[in-house]
Amino acid sequence: MIQLCGIDEAGRGPLAGPLVMAGVILKGPVDGLNDSKRLSEKRREALFDVIRENSRFHIARFSARQIDDDGISACLSAGLREIMRILGEADYLFDGNSAFGVAGLRTMVKADASVPEVSAASILAKVTRDREMIELAARYPQYGFEKHKGYGTRPHIEAIRRHGRCPAHRKTFRIRALEPTLFDA
């Protein structure tokens, strides 16, 4: 019997930090799974090791530089192919509405909230990315990455305005709040 492999990503839209993708084939039921965004940080952390111990999984990671060099869609496509190559034969289900040109997988909007394997992938991807953002916060404390995880919050944009971008920032992601307007001329 072919097993279901859920795939999800974390970090598609932030201004800084990596894109992290996870593929998960559960070996059995895991209690408490849900979309990672609906779980508290404490609950995600608790489930992280439980999922790892009760699954076959692979985590793919793309740095801000890779995202700048190749583009976010190409990174998503490469991550999907990497997960499928590493985990082998499975019924692949990716959260969302695009397969990014990758054959052999299905997509489903909001699968992370309704399919346990995708929920588990969502948790592995988010916890992995959040941990890396906390490491980046220690290296670049002026940006507050530990609080906003690289997303375009007002404090993050203000920090970029004051300090410029650091190597963890995606240079190709536009920040409208920092662009000149007609009134600035």
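Below is a short write-up of the structure.

Cut-offs used in this document
All chains use their own residue numbering, which begins from 1 and follows the written sequence. Residue-level local features of this predicted model are given only where pLDDT is at least 70; pairs of side-chain atoms are given and counted only at 80 or more, and the full residue set underlies all totals for whole chains, interfaces and linings. Excluded from the side-chain calculation are hydrogens and water; included are all heavy atoms of the structure. Relative accessible area decides the class of each residue, using a 1.4 Å probe on protein chains only: under 20% of the type maximum gives buried, over 50% gives exposed, and in between gives partly exposed. Comment: elements are numbered from the N terminus, with helices defined as DSSP H or I runs of at least four residues and strands as E runs of at least two. Being paired, for any two strands, means DSSP has found at least two bridges between them. What we call a nonpolar core is a set of buried Ala, Val, Leu, Ile, Met, Phe, Trp, Tyr and Cys residues that are connected through their side-chain atoms within 4.5 Å. Here, residues are in contact when the closest pair of their heavy atoms is within 4.5 Å. Put simply, a salt bridge is a Lys or Arg side-chain nitrogen that is within 4 Å of an Asp or Glu carboxyl oxygen.

1. Brief notes about the pairing of strand β4 (residues 91-95)
- The buried count for β4 comes to 4 of 5 residues, which makes it a mostly enclosed element.
- Bridge count for β4 against strand β5 (residues 105-108) is 4 bridges, and the pairing is parallel. Directly across from Y92, in β5, lies its bridge partner L105.

2. A short note on the nonpolar core
- Core analysis: the biggest nonpolar cluster contains 36 residues, and C5, M21, L80, Y92, L105 and F145 have the highest contact counts within it.
- Secondary-structure elements contributing two or more residues to this core are β1 (4-10), β2 (19-26), β3 (55-62), α3 (72-87), β4, α4 (116-139) and α6 (154-163).
- For this core, the leading source of residues is α3, giving 6 residues.
- For F145, the contacting residues outside a window of four places in its chain are A16, M133, L136, A137, Y140, G150, H156, C166, A168 and H169.
- In terms of nonpolar packing, the next biggest core, distinct from the first, is built from 17 residues, V20, F48, A120 and A125 among them.

3. As for the pattern of salt bridges
- Per the counting criterion, the structure on display carries 11 salt bridges.
- The residue R12 makes a salt bridge to E9 at a minimum N-O spacing of 3.3 Å.
- Taking the relative accessible area as the measure of exposure, R12 reaches 32% and is therefore partly exposed.
- Between E146 and K147 there is a salt bridge, with its nearest N and O atoms 3.9 Å apart.
- With a relative accessible area of 69%, K147 lands in the exposed category.

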